[in-house]
Amino acid sequence: MTDHLLQQKAQIHAPRPPLAGKHHGTFAFYTIRDRLPVILTKVIDDVYRTIVGIPDDESVRIAEGKAVIERIAALRYAMQRDKRIPPIEDSMPDTAVWNDFLDTYWKGQGHFQVAWLFQECYMYRKIREAFALTTTWTAYDPFLREKQASLAKGLDVLGALSHHVAKLHERAHDPSTRTVALAELLIYSLWGNAVDLSLLVAADNVEVAALGAKLVKKGTEGVVANDLDVVVAHLAGLHGKRVDLVLDNAGFELAADLFLADWLIASGIASSIVFHVKSIPWFVSDTTTADFHATLADLTPIIPMFVARWQSHLASGAWRIHEDPFWTYPHAYYHLPSFPIFDTLKQADLVVFKGDLNYRKLVFDCSWDPTTSFAEAIGPLGQKETKFPPLVSLRTCKSDVCVGLTPAKVEEMAKVKDWMVSGHYAVISGANFPAASRV
Ligand SMILES: O=P(O)(O)OC[C@@]1(O)O[C@H](CO)[C@@H](O)[C@@H]1O
């Protein structure tokens, strides 16, 4: 048994009751009952569409495609009827880790009974299993069509945004506009997670700093817990450092992340950016290495100068794409220090976690009192002795867990229906920043 499997045996449980489908009326309940079956149906439709285009003489591929459909349909059936969750049956490099986790924490329990975080990750891993058990579909991505269509819809907005970002580049070394540019690019990256930057795109013939300040003001309006100033103060003081981005969605959100990463290099703040991507298709639109390159290819006709520079960052090694199996394990980030990815992340001077799922894993997806501090809710990663670098979560709220709110904000948000899941609100939550960055 490998080291991390042994360490995993020292069980780590959520510090509060985990969100779970068994709690009727919660977002977890609706997701497992209504949203996830739709995702499985879309996978079936996608595979069917592909099968229809396969020539008749490729009988093995056709037969295996049909077997994939049967497995996904069986998964949907089992999920909707709260059947006991069985082990993963393929022999992928992570199979043992998955089955050990299932055995240790959730053996013999149904989809609505286990923690929602585990259940939802398991569903995506089980989709992968259906392809891994074939000989001709092992590299197939059933979400590819959806990812391509989603970026296509955002190209106009990204084109408009690029004019403004180009102006930020002209003044990348100007100390008087540095902090506002940083704040702005962080805001773009944040709202890219809601795939809606259109509200922030403005006419580009206004003075850069003034427009930037306006965009930042608008972009922070729905931010219910906001450490933006601390993050900006920390970043603005860095030179030639390494920033790691734990990515979320490909396409539109990734493009917004790349604007940020590019400017960090241009300004001299960072000399190295590491992008952490998924090694298998995940949560529909999460970025894999192939998606990263496909996004650059799709953006080339719209923003050729940017993409050329991004390719040169990749060629020079200033930008690196890093795959690690941990990101598609079922573990919350309380477990992160037991895995090799911990040592990789520790080399960063700032780690940016993008999106909702990363947030859920950071705070263990459980029933926190919303006034709990983010540093407390992330457990070991926020504790001094772990020596994890400064980190920030840029997340639009799409699940019913949220911390770091003041009592007044809790009261204010209580009047807003579905604020936790609508994607119209967000958090910029940081931890481990040196005292000097506190503003
Ligand atoms: O990580 P992301 O892309 O921001 O969001 C992932 C997500 O779509 O998946 C879950 C619902 O199925 C929610 O936690 C969340 O809304």
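Along each chain, residue indices are assigned from 1 in the same order as the chain's sequence is written. In view of the model being predicted, local features appear only for residues whose pLDDT reaches at least 70, and side-chain atom pairs are presented and counted only at 80 or more, with totals across whole chains, interfaces and linings using the full set of residues. Derived side-chain values reflect all non-hydrogen atoms in the structure, with water molecules and hydrogen atoms excluded from consideration.

- The name given to the chain in an unreviewed UniProt entry is Sugar phosphate phosphatase, and the organism recorded there is Allomyces macrogynus.
- UniProt positions are given in the numbering used here, feature names are shortened, and annotations may be inferred rather than shown by experiment. Recorded under Sequence similarities (unreviewed entry), the UniProt text for the chain is reproduced unchanged: "Belongs to the damage-control phosphatase family. Sugar phosphate phosphatase III subfamily."
- The UniProt entry for the chain carries the following text under Function (unreviewed entry): "Metal-dependent phosphatase that shows phosphatase activity against several substrates, including fructose-1-phosphate and fructose-6-phosphate. Its preference for fructose-1-phosphate, a strong glycating agent that causes DNA damage rather than a canonical yeast metabolite, suggests a damage-control function in hexose phosphate metabolism."

Let's talk about the confidence of the model for the chain
And step 1. Confidence scores labelled pLDDT are given residue by residue by the predictor and lie between 0 and 100. For the chain, per-residue confidence averages 93 on the pLDDT scale, and residues scoring 70 or more make up 92% of the total.
And step 2. Here residues 202–206 is a poorly scored stretch, pLDDT under 50, and it has seven contacts once near neighbours within four places are set aside; other chains count. Residues are treated as being in contact if the distance between any of their heavy atoms lies within 4.5 Å.

So, the packing of helix H7 (residues 175–192) against helix H9 (residues 228–236)
And step 1. Put simply, H7 and H9 touch, their axes get as near as 10 Å, and they point 125° apart. By the angle between their directions, the pair H7 and H9 is classed as oblique. Judged by the twist between their axes, the crossing of H7 over H9 is right-handed. When H7 is examined against H9, the residues Arg 178, Thr 179, Leu 182, Ala 183, Leu 186 and Ile 187 are found in contact with a partner set consisting of Leu 228, Val 231, Val 232, Leu 235 and Ala 236.
And step 2. Polar here means any residue outside two lists: the nonpolar Ala, Val, Leu, Ile, Met, Phe, Trp, Tyr, Cys and Pro, and the charged Asp, Glu, Lys and Arg; Gly therefore counts as polar. Among the residues making up the contact of H7 with H9, the classes are represented as nine nonpolar, one polar and one charged. A fitted line through C-alpha atoms represents every axis, and for helices the fit uses only the stretch in contact; the resulting angles, taken between N-to-C directions, go from 0 to 180 degrees. Numbering of helices and strands runs from the N terminus, with a helix taken as a DSSP run of H or I at least four residues long and a strand as a DSSP run of E at least two residues long. If an angle is under 35 degrees, it is roughly parallel; if it is over 145, roughly antiparallel; if it lies from 65 to 115, roughly perpendicular; otherwise it is oblique. Each crossing gets its hand from how the near helix is turned against the far one by less than a right angle, where anticlockwise is left-handed and clockwise is right-handed.

Observations concerning helix H14 (residues 355–362)
And step 1. For H14, the tally of buried residues reaches eight of eight residues, placing the bulk of the element in the interior.
And step 2. Count one or two residues on from H14 and you reach Phe 364, which has phi positive near 65°. Residue burial is assigned from relative accessible area. The probe radius is 1.4 Å, only protein chains are included, and a residue is buried under 20% of its type maximum, exposed over 50%, and partly exposed in between.

Side note on the packing of helix H4 (residues 95–106) against helix H5 (residues 116–132)
And step 1. Where H4 meets H5, the closest approach of the two axes is 12 Å, and the angle between their N-to-C directions is 150°. On the basis of the axis angle, H4 is roughly antiparallel to H5. Considering the relative orientation of H4 and H5, their crossing is left-handed. Contacts between H4 and H5 involve Thr 95, Trp 98, Phe 101, Leu 102 and Trp 106 from the first element and Phe 118, Cys 121, Tyr 122 and Arg 125 from the second.
And step 2. Taken together, the residues of the contact of H4 with H5 sort by class into seven nonpolar, one polar and one charged.

Let's talk about the pattern of salt bridges
And step 1. A carboxyl oxygen of Asp or Glu within 4 Å of a side-chain nitrogen of Lys or Arg is what we treat as a salt bridge. Within this structure, the stated rule accounts for 22 salt bridges.
And step 2. Here Glu 129 ties to Lys 126 by a salt bridge, and the two come within 3.1 Å at their closest N and O atoms. Taken together, the residues Glu 129 and Lys 126, both in helix H5 and three residues apart, mark about one turn of the helix.
And step 3. Residue classification places Glu 129 among the buried residues on the basis of a relative accessible area of 4%.
And step 4. A salt bridge links Lys 278 to Asp 286; its shortest N-O distance comes to 3.1 Å. Of the two residues, Lys 278 and Asp 286, neither departs from the other in class, the shared state being buried.
And step 5. Among the ionic contacts, a cluster of salt bridges with common partners joins Asp 90, Asp 94 and Arg 125.

A few points about the site of the ligand
And step 1. What makes a residue near a molecule or strand is one non-hydrogen atom of that residue sitting within 4 Å of it. The local shell around the ligand holds 13 residues, among which Glu 120, Asp 356, Leu 357, Arg 360 and Lys 398 are the closest.
And step 2. Arg 35 has a polar side-chain atom sitting 3.2 Å from an oxygen atom of the ligand.
And step 3. Contacts to the ligand include Asn 249, whose side-chain N or O atom sits 3.2 Å from an oxygen atom.
And step 4. For the ligand, the accessible surface in isolation is 390 Å², of which the surrounding protein chains cover 90%.
And step 5. Listed by contribution, the elements that provide at least two residues to the shell around the ligand are helix H2 (27–52) and H14.
And step 6. For the shell around the ligand, the element with the highest residue contribution is H14, accounting for four residues. Nitrogen and oxygen atoms within 3.5 Å of one another constitute a polar contact, given that in protein one can donate a hydrogen and the other can accept it, and given that sequence-neighbouring residues count only through two side-chain atoms. Here, Shrake-Rupley sampling with a 1.4 Å probe gives the accessible areas, and only protein chains in the shown set may cover a residue.

Quick look at the pairing of strand E2 (residues 241–246)
And step 1. In terms of residue burial, E2 counts as a mostly covered element, since five of its six residues are buried.
And step 2. Pairing between two strands is assigned when DSSP locates at least 2 bridges connecting them. Looking at chain direction, E2 and strand E3 (residues 270–277) are connected through six bridges and run parallel. Residue Arg 242 lies in a different strand from E3, and its bridge partner there is Ser 272.
And step 3. Each parallel crossover has a hand, and for E2 linked through helix H10 (residues 252–266) to E3 it is right-handed. A right-handed crossover is one whose linking path, passing over the helix from the first strand to the second, runs clockwise when the strands point away from the viewer.

Considerations on the nonpolar core
And step 1. Here, the term nonpolar core denotes a set of buried Ala, Val, Leu, Ile, Met, Phe, Trp, Tyr and Cys residues that are joined through side-chain atoms within 4.5 Å. Among the nonpolar cores identified, the biggest contains 85 residues, and Phe 118, Ile 127, Leu 336 and Val 363 are the most heavily contacted of them.
And step 2. Segmentation of the chain into domains, including their bounds, is taken from an automatic or database domain assignment. When we break this core down by domain, the ones giving at least three residues each are domain 1 (3–142) and domain 2 (149–438).
And step 3. Once you skip the residues sitting within four places of it in the chain, Val 363 turns out to touch Tyr 334, Trp 368, Phe 374, Ala 377, Ile 378, Val 401 and Val 403.
And step 4. The next biggest cluster of nonpolar side chains, apart from the first, holds 60 residues, and it includes Leu 228, Ile 303, Ala 318 and Ala 426.

Some words on the sheet that holds strand E4 (residues 319–323)
And step 1. Pairing in this open sheet of seven strands is mixed, and the strands run E1-E7-E6-E5-E2-E3-E4 from one edge to the other. The sheet terminates laterally at strand E1 (223–226) and E4, the two strands that pair on one side only. Adjacent strand axes in the sheet meet at a mean angle of 15°, parallel and antiparallel pairs treated alike.
And step 2. Bridge analysis of E1 against strand E7 (residues 426–431) gives three bridges, and the strand direction is parallel. The partner of Asn 226 across the bridge, within E7, is Ile 428.
And step 3. Contacting E2, E3, E4 and strand E5 (350–354), H10 runs over the sheet at an angle of about 160° to E3.

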